[in-house]
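The chain contents come next:
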Amino acid sequence: MSLPTRLDIPRAQAVLRMAAGDSADKVPLHAPQFAGAEWRYLKECLDTGWVSSVGAFVDRFERDLAQAFGVARAVATVNGTAALHMALLLAGVKPQDEVLIPALTFVATANAVRYCGAVPHLVDSDRETLGLAPEALEAWLTEIAEPGADGARNRMTGRRIAAVAPMHAFGHPMRIDALIAVARKWGLAVVEDAAESLGSLRDGRPLGGRGLVGATSFNGNKIITTGGGGAILTDDADLADRAKHLTTTAKQPHPWLFLHDETGFNYRLPNINAALGCAQLEQLPQMLAAKRRLAAAYAEAFAQVEGLRFFNEPPGAQSNYWLNAVILDNPADRDPFLEETNAAGLMTRPCWTLMSDLPMHRDCPSAPLPVARDIAARLVNIPSSAALGCEARAR
Ligand SMILES: *Cc1c(COP(=O)(O)O)cnc(C)c1O
């Protein structure tokens, strides 16, 4: 095997500097952009007094979201982790169940499984998509599980495997349809974590609604933001009604009585956050165009740099390029590159630490993770704000 090419750090840094344009100060990894009706909608909330749990913006945001994600119904929540927690409960995940998730994900995916009293079961990723690998999952299930009437049974732990929760890493669509085929064969519910994939397409269609139920996030660093926020996504009207009920303290509609019929959650999104979301969604097409322009500029410039590869959208998919990523040839270059770029005010970040390397998830059942481990050692995220894409056009 030939030795991996060493990274030309000065040239790589020059590409980041070029993309950042004239911004002399610190260049963040991902800054929100408020270029639309945000002020006007927020003022409307304050002027009318509708700032909290009820209000017209929540209803409108849910309608607009359903359209953007190509689902029948969206239910807005306080954040993406809460949406994921709800989605797993709605999919029937119970204490002591196992839920298959990629080891390479943001920690919220694993945490939401724990909130159900269930156990994350880690699986490997695909090189081409950075998301859960359907073939590797199938091979692993064949080795350790048997199909049952209600989900699969893990022969090693004796527990039920109830669901699989794939996600679309950095906005790059994973092969969701291939995964759904595997899930169907093994009787697993599919809970799609679409926190990073608003505006991304696979086979020309949006992501988040192909499984039983999905979840997304509008945290400050996501494609669009509501400050904090999220949503449950589904085509199933009964599940959506149940999501609304559970996220609003399970209160029965009544003019004055406080009647709650089960232990619900206070997970609903306040109207003032939804107002921000409505304004943000109106700008989604421009933001996506800007982000794709920035990615194209990066792809072209990094093609001239030794020792790394810009991560392009997978075949058959259109990515929102939420967080742009480069894959270094040599893992030994990662920390020096991170140190030099951050010292120069260019914010770069390593990939997430694999769930199998975090103390609270270390003992989870796990498939072999050769691809996830390799990606985690060599991937670096680089500045990705939509505003940088606007500048890319101006130059
Ligand atoms: C951001 C994110 C979440 C959680 O969303 P919050 O709104 O921050 O709670 C869940 N999963 C993935 C993959 C994410 O990127």
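Everything numeric here is computed off the predicted structure, so don't read it as measured data.

### A word on the overall build of the protein
A count of helical and extended segments in the protein gives 13 helices and 16 strands. Relative to the 2.2 N^0.38 estimate, which gives 21 Å for 395 residues, the radius of gyration of the protein is 21 Å and therefore close to what a compact globule would have. With respect to the three principal axes, the spread of C-alpha positions in the protein is 65 × 60 × 35 Å. By the burial criterion, 55% of the 395 residues in the protein qualify as buried. Accessible surface, the protein as shown: approximately 16500 Å² in total, 55% of it carbon and sulfur. Separation of charge centres in the protein, based on 38 positive and 43 negative side chains, amounts to 1 Å.

### Some details on the environment of A68
Looking at the element boundaries, A68 is found in helix α3 (residues 56-69). Assessed through its relative accessible area of 25%, A68 is described here as partly exposed. Residues A68 and P206, spaced 138 residues apart in sequence, show a C-alpha to C-alpha distance of 7.6 Å. Setting aside residues no more than four positions away along its own chain, A68 makes contact with L198, P206 and L281.

### Section: unusual backbone geometry
Positive phi, normally seen in glycine, also occurs at L130, with a value near 70°. If you check the backbone angles, Y321 has positive phi at about 50° while not being a glycine. Along the chain, Y321 turns up in the loop between β13 (317-318) and β14 (325-328).

### Some details on the domain arrangement of the protein
Interface size is commonly expressed as the accessible area that is lost once the parts come together. Once the domains are mapped, the protein shows domain 1 (9-33 + 284-394) and domain 2 (38-282). For domain 1 versus domain 2, the distance between C-alpha centres works out to 25 Å. Counting residues at the interface gives 44 residues for domain 1, matched by 49 residues for domain 2. Counting each side, the surface lost to burial between domain 1 and domain 2 is near 3900 Å², with a carbon and sulfur contribution of 65%. At the junction of domain 1 and domain 2, the tally comes to 1 salt bridge. Among the salt bridges present, the one from R127 reaches D374, with a minimum N-O distance of 2.7 Å.

### Here we look at the site of the ligand
The immediate surroundings of the ligand are formed by 14 residues, with G80, T81, E196, S217 and K222 found nearest. The separation between a nitrogen atom of the ligand and a polar side-chain atom of D193 is 2.8 Å. Taking E196, its side chain carries an N or O atom lying 2.5 Å from an oxygen atom of the ligand. About the coverage of the ligand: the protein hides 92% of its 380 Å² of free accessible area. Elements supplying a minimum of two residues to the shell around the ligand: α4 (80-90) and α5 (107-115). For the shell around the ligand, the class distribution of residues is 4 nonpolar, 7 polar and 3 charged.

### Description of the pattern of salt bridges
Across all of its chains, the model carries 21 salt bridges by this definition. Between R60 and D64 there is a salt bridge whose closest N-O contact spans 3.5 Å. Linking R60 with D64, this pair stays in helix α3, spanning 4 residues, or about one helical turn. Here R60 falls in the partly exposed class, since its relative accessible area comes to 22%. For D64, a relative accessible area of 24% gives the class partly exposed. Here R175 makes a salt bridge to E135, at a shortest N to O gap of 2.5 Å. Here R175 is found in the loop between β6 (160-164) and α7 (176-186), whereas its partner E135 is found in helix α6 (residues 134-144), with 40 residues between them in sequence. Look at R175 and you get partly exposed, because its relative accessible area is 23%. With relative accessibility at 48%, the residue E135 sits in the partly exposed group. Taken together, the shared-partner salt bridges in this structure form one network comprising R60, D64 and E282.

### Notes on a nonpolar patch on the surface
A contiguous nonpolar surface patch, about 340 Å² in accessible area, is contributed by W256, L257 and L259. Mapped onto the secondary structure, L259 falls in the loop between α8 (237-247) and α9 (271-282). What makes L259 partly exposed here is its relative accessible area of 37%.

### Some points on the side chain of Q280
With respect to the helices and strands, the residue Q280 is situated in helix α9. With relative accessibility at 1%, the residue Q280 sits in the buried group. A polar atom in the side chain of Q280 sits 2.9 Å from the backbone nitrogen of T225. Not counting chain neighbours up to four residues away, the residues in contact with Q280 comprise Q33, F34, E38, I224, T225 and M287.

### Considerations on the environment of R160
Along the polypeptide, R160 turns up in strand β6. Separated by 61 residues in sequence, R160 and V99 place their C-alpha atoms 8.8 Å apart. A polar atom in the side chain of R160 sits 2.7 Å from the side chain of D97.

What counts, and where the lines are drawn
Residues numbered from 1 in each chain as written. Predicted model: local features only at pLDDT ≥ 70, side-chain atom pairs only at ≥ 80, totals over all residues. Heavy atoms only, no water. Helix = DSSP H or I, 4+ residues; strand = E, 2+ residues; numbered from the N terminus. Rg over C-alpha atoms; globule rule 2.2 N^0.38 Å. Buried < 20%, exposed > 50% of the residue type's maximum accessible area, 1.4 Å probe, protein only. Areas by Shrake-Rupley, 256 points an atom, 1.4 Å probe, with all protein chains shown as cover. Lys, Arg positive; Asp, Glu negative; His and termini not counted. Charge placed at Lys NZ, Arg CZ, Asp CG, Glu CD. Contact = heavy atoms within 4.5 Å. Domains from an automatic or database assignment. Buried area = accessible area lost by both parts, 1.4 Å probe. Salt bridge = Lys/Arg side-chain N within 4 Å of Asp/Glu carboxyl O. Near = heavy atom within 4 Å. Polar contact = N/O pair within 3.5 Å; in protein donor to acceptor, adjacent residues only side chain to side chain. Nonpolar A, V, L, I, M, F, W, Y, C, P; charged D, E, K, R; others polar. Patch = residues over 30% accessible without salt bridge, like charges linked within 9 Å, V, L, I, M, F, W, Y side chains within 5 Å.

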